[in-house]
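Summary of structural features
Single-letter residue listing:
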Amino acid sequence: MDYFSTFIQMLHARRLSNNTIRVYVSYIKPYLAYLEELHLSPEIASYQTMRDFLERIQSERGLADRTINMIISYLQFFQTYVLHKDWDKTQIPFRAFPTYLPYAPSPDEVRRLLFAAQKPKVRLAVSMLYATGMRLDELCHLRCSDIIHSSMKIYIRHSKNHSDRYIPLTERIWQMILDYWYSFPSQERPREWLFTQQTHLDHPMDKQWIQREVLSLRRSLGLDSRISAHSFRHAYATRCYENGMDLLTLKAYLGHSSINSTCIYVRLAASYKEGFVNPFDQLEGGI
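A brief structural summary. A quick note: this is a predicted structure, and the numbers were derived from the prediction, not measured.

Conventions adopted
Residues numbered from 1 in each chain as written. Predicted model: local features only at pLDDT ≥ 70, side-chain atom pairs only at ≥ 80, totals over all residues. Heavy atoms only, no water. Helix = DSSP H or I, 4+ residues; strand = E, 2+ residues; numbered from the N terminus. Buried < 20%, exposed > 50% of the residue type's maximum accessible area, 1.4 Å probe, protein only. Contact = heavy atoms within 4.5 Å. Areas by Shrake-Rupley, 256 points an atom, 1.4 Å probe, with all protein chains shown as cover. Lys, Arg positive; Asp, Glu negative; His and termini not counted. Charge placed at Lys NZ, Arg CZ, Asp CG, Glu CD. 1 Å grid on protein atoms, 1.4 Å probe; cavity = no way out; pocket = protein on both sides within 12 Å on 5 of 7 lines; lining within 4 Å. Points joined across faces, edges and corners; volume = space filled by probe spheres on them. Nonpolar A, V, L, I, M, F, W, Y, C, P; charged D, E, K, R; others polar. Salt bridge = Lys/Arg side-chain N within 4 Å of Asp/Glu carboxyl O. Pairing = 2+ DSSP bridges. Expected span 1.5 Å × (residues − 1). Phe/Tyr/Trp six-rings, centres within 6.5 Å; stacked < 30°, edge-to-face > 60°.

So, about the overall build of the protein. In terms of helices and strands, the protein carries 13 helices and 3 strands. Considered along the principal axes of its C-alpha atoms, the protein spans approximately 75 × 65 × 35 Å. Counting over 287 residues, the protein shows a buried share of 39%. By sequence separation, contacts in the protein at least 24 residues apart represent 58% of the contacts at least 6 residues apart. Carbon and sulfur atoms provide 52% of the accessible area of the protein, an area that totals close to 16800 Å². If the 35 positive side-chain charges of the protein are averaged to one point and the 29 negative ones to another, these points end up 3 Å apart.

Looking at the largest pocket, its volume works out to about 1800 Å³. Ranked by the residues each element gives to the lining of the largest pocket, the list is headed by helix α2 (residues 18-37), at 6 residues. Along the lines of polarity and charge, the residues of the lining of the largest pocket split into 18 nonpolar, 18 polar and 12 charged.

A pair can form between side chains of opposite charge whenever their charged atoms are brought close. Per the counting criterion, the structure on display carries 12 salt bridges. Where E55 meets R95, a salt bridge forms, and the shortest distance between an N and an O atom there is 3.6 Å. Here E55, found in helix α3 (residues 47-61), pairs with R95, found in the loop between α4 (65-82) and α5 (107-116); they are 40 residues apart in sequence, far enough to count as distant. As a salt-bridge pair, R226 and D224 come within 3.0 Å of each other at their nearest N and O atoms. For R226, a relative accessible area of 52% corresponds to the exposed category. Residue D224 is classed as partly exposed on the basis of its relative accessible area of 23%. Put simply, E37, R56 and E60 are held in one network by salt bridges that share partners.

Reading across the sheet, the 3 strands line up as β1-β2-β3 and stay open at both edges, with antiparallel pairing between neighbours. Either end of the sheet is taken by a strand with one partner, and the two such strands are β1 (147-148) and β3 (165-168). As paired elements, strand β2 (residues 153-156) and β3 share 4 bridges and run antiparallel to each other. For I154, the partnering residue across the bridge sits in β3 and is I167.

Let us look at α4. For α4, spanning 18 residues, the distance from its first C-alpha to its last is 25 Å, which sits close to the expected 26 Å at 1.5 Å a residue. At its buried positions, α4 is contacted by α1 (3-13), α2 and α3. A positive backbone phi angle near 55 degrees is found at H84, which sits one or two residues after α4.

Positive phi, close to 60 degrees, is recorded for H39, a residue that is not glycine. Mapped onto the fold, H39 is located in the loop between α2 and α3. In the Ramachandran plot, H84 falls in the positive-phi region, its phi being about 55 degrees despite a non-glycine side chain.

What follows concerns the packing of aromatic side chains. Under the defined criterion, the tally for this structure stands at 16 aromatic pairs. Relative to F78, the ring of F7 lies with its centre 5.9 Å away and its plane at 55 degrees, an arrangement referred to as tilted. Within this pair, whereas F7 is found in helix α1, its partner F78 is found in helix α4, the two being separated by 71 residues in sequence. Look at F78 and you get buried, because its relative accessible area is 1%.

Following this line, the structure appears as structure tokens:
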């Protein structure tokens, strides 16, 4: 039996995205190589063998416990959908790990980075991430036809949770898109994808490219080392909540499947609001 091909086939049968499949493969492939090294068939691999593999790959790659939990899920998928065997959760428990808040750049940090971005594509891409809260992959695969000026909306298709959504389009961003589009010679203007690869204009922008550009700007400006292209989504959500947007609307704009994912921005938001009075200061008579 070709276990790897069957694994790929089942991933496609689940209609998982190419990015998700790529991640699954990056950890199941070494698992199958590990079994081959031990001269073991996946059919007879024990839970102890899986635990040994997890310890080995964590040590070799310096993986966090959060990542190990993901690999456990991938092993469970392999056991269930490829081997058609039951999975005993008590044999490989998920790791407990501390939760850290994501980093949301301040408005000043965003302003400095945008001011320093000399490349029009980088400036518009970062501006749109901060103005819409899109995921980076969604931005890279944004089609020109999905920018709807008549209703001031952007249509996000095939998002992470396999659900489409609309997000607001601001007039300032619309003008920036027009300026960017008209900056190209007529024969080179984006037709399908708003952001294309540097050399292949018929392919969507590579997200690694924009990530490298943001990293370069961050380093040159001496900004916080936690800033990445994805950070602007966190900054958008945090500022929206601070500015009074309710959580259900924010959840819809971000494309979250659970309100629990959106609630993290309550913790990220500033602890004060305009006109807020601390209850301690309301105590009469002083302390």
